Number of protein chains: 2
Amino acid sequence: MKLPTAEIVCLGNELLIGVTVNTNATFIGDNLTKFGYEVRRVTCIRDDLELAADFFYEVFNRKPDIVIVSGGLGPTYDDIQLEVISKATGIQLQENSEALAMIETYYNQRGLSLSKERRKMAKIPIGSTVLKNDIGGAPGCFLSFKDMSIFCLPGVPSEMKDIFTKRVAPLLKEKNQVDFYEEKFQVLNCFESQLAPYINEVKGKFSELYIKSHPAHEYKAGIVIHISGVGGMQIEKVQQANKLLQELFQKHLPKIKIQSFTE
Amino acid sequence: MKLPTAEIVCLGNELLIGVTVNTNATFIGDNLTKFGYEVRRVTCIRDDLELAADFFYEVFNRKPDIVIVSGGLGPTYDDIQLEVISKATGIQLQENSEALAMIETYYNQRGLSLSKERRKMAKIPIGSTVLKNDIGGAPGCFLSFKDMSIFCLPGVPSEMKDIFTKRVAPLLKEKNQVDFYEEKFQVLNCFESQLAPYINEVKGKFSELYIKSHPAHEYKAGIVIHISGVGGMQIEKVQQANKLLQELFQKHLPKIKIQSFTE
C-alpha cells in the first residue's frame, strides 16, 4: 500500500545551534504517521532567506503530498517563514484582513496595540487560508501549491500543537482516511543484536508491516519493539506478527523478560 | 568572518514517526557551534537505502566542510548507515580488523560471541579511521571524501555522546581553532514583539554577532536573549551588545524584569 508522503520543515537557528530540542518534529511526525502519512524527511534550516528558499525548491521538486512548516511566523526580524514560502512558490504576500483582525484582538486583549512588527504577521501568501492561533499572536496559514498542501505553523510548541490539533488534523484526516494500528512491548535482559535474527524472520513474513527494535535507553531499561501497520486489514496482521515474534524470542532466548511497554 | 560549514544527519524511522525525540542533533549542534562551525542543516531521514543515498548525493553537492551522521550503525537489518555512505561515496565497505577486535571484545566481556549480525558492524568504508565505542557494540568511523570530513556515529545517545566527546571533538578542535563566546539573559513581563525593535537596533550595530530572542516557554516564563560571537575579538563585542540591549529594554519598557538565565 502506497502512503501519501509528507515532509516536516522546522525553521530556526535555535534548532541548529543546540539551544532548542526539536520536540515539534516529534509531535508532528507522530500525528502524521497515525493519520497514514509516510514522513520522508524532517529538516531544520536556518533563518536565512536565500538558504531556506533554496531548500524549499528542493522540497517542491520532491513533490511530497503535504509539507508542514513550523517556526518563523513571529514578529521579529528573523521570523521569515512566509517570506521564504513566498520566494520559493512565487506567490506574493498580502495583508490578510482576517489575520489582521485576529492579531489586533490578541494584542488589544493584552492592552497592547498593533505595531509594525505585529502587523507583519498578517501578511500571508495570496489565496491561503488563515489558521487561527488561540494561544499566541501569530496565525498560521494553509495553501495549495502544485498539488502539494503546505501548512505554515508557528514554532512555539504550545501554539503549534494547538493549531495542529484544532485546525490541521481535521483537514489531514479528511484528505487521507486510513487506519493506523500499532502494538509495542518491551524486552529486558538482552542485547538488540540477539533479537535481530527473529525480527528479520517475522519481518520477512509480514513485509507490509513496520517492525522495529529501539534501543533508546540503556541495557537495563530494555529494548522496545514496535509493530504497526496502516490500512483496514492490518489489525489482525499486527497481532499475528506480535504473537509470532514473542514466541520466537521466548523459544530461542529463555533468559529474556517480555513486558508491556509504558511510556 | 566566514565559518566552516557543517551538516548533521540523523538516520532512523523512529525520528520521523515521532517515537524518539532528536536530542542527538541538539547535542551535536551545540558542540559544533562552540567549535566555530556554522550548522547549515539538520536532516532526519528514513532507513531506506535508495532515499538515504539520494539524500547524501545532495549533501555532498552542497560541500559542507564536515558531515556528522548518527544512527544506523547497529546489528539489525535496518542499520544501514555505512551501506548508505558507501553507495553515496562509491567507497566500498570492508571488514576492518581493528573494528572487529573491538566488537569481539565487547561481546566476549558480556559472555556472547560474534554472530553474523554483530560481525556486520566491523564493515566500514575502505580507508576510514575506526572510532572506538566505549559504551556499546558498534564502533564509529571517520573518513575524508572530496575535501569533506564525514563522521559516522551510532544513534544511541549515550554512545554517540561518548564517541563525540572523546574522539570527534579533539579532531574538530584541531581542524578549526576559533573562540566562541556567548552571553544570555532572561526577560520577564513582556512580549517578544515588544523587544523586537531594540534587538533589531543592536543587531544593526553588531552585524557580526548572533543576537536572538527565544520565546521557548510560555509568557510568564519569559524570553531568553542569546548574544554570541565567534573569533578572537568577540568577547568585548558580545559584552558591549549585551549592555546596550539591556539599557534599551530598561529605558523603553520600564515594566520588564531582566534576570540571569539558568537552564
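About the thresholds
Residues numbered from 1 in each chain as written. Chains lettered and ligands numbered in written order. Predicted model: local features only at pLDDT ≥ 70, side-chain atom pairs only at ≥ 80, totals over all residues. Heavy atoms only, no water. Helix = DSSP H or I, 4+ residues; strand = E, 2+ residues; numbered from the N terminus. Buried < 20%, exposed > 50% of the residue type's maximum accessible area, 1.4 Å probe, protein only. Contact = heavy atoms within 4.5 Å. Areas by Shrake-Rupley, 256 points an atom, 1.4 Å probe, with all protein chains shown as cover. Lys, Arg positive; Asp, Glu negative; His and termini not counted. Charge placed at Lys NZ, Arg CZ, Asp CG, Glu CD. Salt bridge = Lys/Arg side-chain N within 4 Å of Asp/Glu carboxyl O. Disulfide = S-S within 2.5 Å. Phe/Tyr/Trp six-rings, centres within 6.5 Å; stacked < 30°, edge-to-face > 60°. Lys NZ or Arg CZ within 6 Å of the ring centre and 35° of its normal. Expected span 1.5 Å × (residues − 1). Polar contact = N/O pair within 3.5 Å; in protein donor to acceptor, adjacent residues only side chain to side chain. Least-squares fit on C-alpha atoms with pLDDT ≥ 70 in both. Axes fitted to C-alpha atoms, helices over the stretch in contact; angles between N-to-C directions. Parallel < 35°, antiparallel > 145°, perpendicular 65-115°, else oblique. Left-handed = near helix turned anticlockwise from the far one by under 90°. Nonpolar A, V, L, I, M, F, W, Y, C, P; charged D, E, K, R; others polar. Pairing = 2+ DSSP bridges. pLDDT = per-residue confidence, 0-100. Core = buried A, V, L, I, M, F, W, Y, C linked by side-chain atoms within 4.5 Å.

Draft legend 1. Broad picture of the overall build of chain A. The number of helices and strands found in chain A is nine helices and twelve strands. Viewed in the frame of its principal axes, chain A has a C-alpha envelope of about 70 × 35 × 35 Å. Going through the 263 residues of chain A one by one, you find that 57% of them count as buried. For chain A, restricting intrachain contacts to residue pairs at least 6 apart in sequence, the fraction spanning at least 24 positions comes to 70%. Working note: accessible area of chain A is about 11300 Å², and carbon and sulfur atoms make up 49% of it. Of note, chain A has its 31 positive side-chain charges centred 3 Å away from the centre of its 32 negative side-chain charges.

Draft legend 2. Main features of the pattern of salt bridges. Residue and element names in this part refer to chain A. Applying the stated criterion across every chain, the model contains 38 salt bridges over all chains. Here glutamate 95 ties to arginine 119 by a salt bridge, and the two come within 2.9 Å at their closest N and O atoms. On the criterion of sequence distance, the pair formed by glutamate 95 in strand E4 (residues 93-95) and arginine 119 in helix H6 (residues 116-119) is long-range, its members being 24 residues apart. A residue is classified by how much of its surface remains accessible, and glutamate 95, at 34% relative accessible area, is partly exposed. Between glutamate 182 and lysine 184 there is a salt bridge whose closest N-O contact spans 3.8 Å. By relative accessible area, which is 23% here, glutamate 182 ends up partly exposed. Shared partners join several salt bridges into a network, and the residues in it are Lys132, Asp134, Asp162, Lys166 and Arg167.

Draft legend 3. Region of the structure containing the state of the cysteines. Scanning all chains against the criterion turns up zero disulfides over all chains. Just so you know, Cys10(A) is unpaired, no disulfide at all, and the nearest cysteine sulfur is the one on Cys44(A), 4.9 Å from it.

Draft legend 4. Region of interest: the packing of aromatic side chains. Residues and elements named next belong to chain A. Following the criterion strictly, the structure yields 20 aromatic pairs over all chains and no others. Here the aromatic rings of tyrosine 106 and tyrosine 107 are separated by 4.9 Å at their centres, their planes lie at 90°, and the arrangement is edge-to-face. For the pair shown, tyrosine 106 and tyrosine 107 are each scored as buried. Judged by centre distance (6.4 Å) and plane angle (80°), the ring pair of tyrosine 198 and phenylalanine 249 falls under edge-to-face. Placement of the pair is tyrosine 198 in helix H8 (residues 192-205) and phenylalanine 249 in helix H9 (residues 234-252), with a sequence separation of 51 residues. When sorted by exposure, tyrosine 198 lands in the same class as phenylalanine 249, which is buried. Every member of this aromatic cluster is reached through a ring pair, and the members are Phe55, Phe56, Phe60 and Phe145. In this structure, arginine 118 packs its charged tip against the face of tyrosine 107, placed 4.5 Å from the ring centre.

Draft legend 5. Examining helix H2 (residues 23-34) of chain B more closely. Compared with the 16 Å implied by 1.5 Å per residue over twelve residues, the 17 Å span of H2(B) between its first and last C-alpha is a close match. For H2(B), the complete set of buried residues consists of Asn24(B), Ala25(B), Thr26(B), Ile28(B), Gly29(B), Asn31(B), Leu32(B) and Thr33(B). Buried positions along H2(B) lie against helix H1 (13-16) of chain A together with strand E1 (5-11), strand E2 (38-45), strand E3 (66-70), helix H7 (157-175) and strand E9 (180-188) of chain B. Regarding H2(B), its N-cap is Asn22(B), as a side-chain oxygen of that residue lies 3.5 Å from the backbone nitrogen of Asn24(B) further along.

Draft legend 6. Broad picture of the relation of the copies chain B and chain A. At an RMSD of 0.0 Å, chain B and chain A line up after a rotation of 180° and a shift of 0.0 Å along the axis. Between the two chains, the operation in question is that of a two-fold axis. Closest to the rotation axis within chain B is the C-alpha of Thr43(B), separated from it by 2.2 Å. Looking at chain B, 100% of its interface residues are interface residues in chain A too, so the copies touch through the same face.

Draft legend 7. The arrangement of the packing of helix H3 (residues 49-62) of chain A against helix H4 (residues 81-89) of chain A in detail. Residue and element names in this part refer to chain A. It is the contact of H3 with H4, at a shortest axis distance of 9 Å, that shows an interaxial angle of 55°. Taken together, the axes of H3 and H4 are oblique relative to one another. Of the two elements, H3 crosses H4, and the hand of that crossing is right-handed. Side by side, H3 and H4 meet where Leu49, Glu50, Ala52, Ala53, Phe56, Tyr57 and Phe60 of the first sit next to Glu83, Val84, Ile85, Lys87, Ala88 and Thr89 of the second. Here the contact of H3 with H4 is composed, by residue class, of nine nonpolar, one polar and three charged.

Draft legend 8. Seen up close, the sheet that holds strand E8 (residues 148-153) of chain B. Across the sheet, twelve strands lie side by side as E6(A)-E7(A)-E8(A)-E3(A)-E1(A)-E2(A)-E2(B)-E1(B)-E3(B)-E8(B)-E7(B)-E6(B); this open sheet has mixed pairing. The sheet terminates laterally at strand E6 (129-131) of chain A together with strand E6 (129-131) of chain B, the two strands that pair on one side only. Each strand of the sheet is rotated relative to its neighbour by a mean of 20°, with strand direction disregarded. Of the strands in this sheet, strand E3 (66-70), E6, strand E7 (140-145) and strand E8 (148-153) of chain A are in contact with helix H7 (residues 157-175) of chain A, which crosses E8(A) at around 165°. Where helix H4 (residues 81-89) of chain B meets the sheet, its contacts fall on E1, E3, strand E7 (140-145) and E8 of chain B, and the angle it forms with E8(B) comes to roughly 160°.

Draft legend 9. Spatial organisation of the interface of chain B and chain A. If you look at the interface, chain B gives 61 residues, while chain A gives 61 residues. Here chain B is connected to chain A by twelve salt bridges. On the surface where chain B and chain A come into contact, there are 14 residue pairs in polar contact (both at pLDDT 80 or more). Per-class residue counts for the side of chain B that touches chain A are 27 nonpolar, 17 polar and 17 charged. Across five bridges, strand E2 (residues 38-45) of chain A lies against E2(B) in antiparallel orientation. When the bridges of E2(B) are listed, Ile45(A) appears paired with Arg41(B).

Draft legend 10. Expanded view of the confidence of the model for chain A. On average, residues of chain A carry a pLDDT of 91, and 96% of them reach 70 or more. This prediction of the complex comes with two scores: 0.87 for pTM and 0.86 for ipTM.

Draft legend 11. The arrangement of the side chain of Ser228(A) in detail. For Ser228(A), the location among the structural elements is in strand E11 (residues 223-230). Those residues in contact with Ser228(A), other than ones at most four positions away along the chain, are Phe180(A), Tyr181(A), Glu182(A), Leu209(A), Tyr210(A) and Val238(A).

Draft legend 12. Highlighting the nonpolar core. In terms of nonpolar packing, the biggest core is built from 51 residues, with Leu32(A), Phe164(A), Leu32(B) and Phe164(B) touching the most fellow members. Look past the residues within four positions of Phe164(A) in its chain and what remains in contact with it is Phe27(A), Ile28(A), Asn31(A), Leu32(A), Phe35(A), Ile68(A), Leu153(A), Ala169(A), Pro170(A) and Leu172(A). Counting 36 residues, the second largest nonpolar core, distinct from the first, contains Phe60(B), Tyr106(B), Leu112(B) and Ile124(B).

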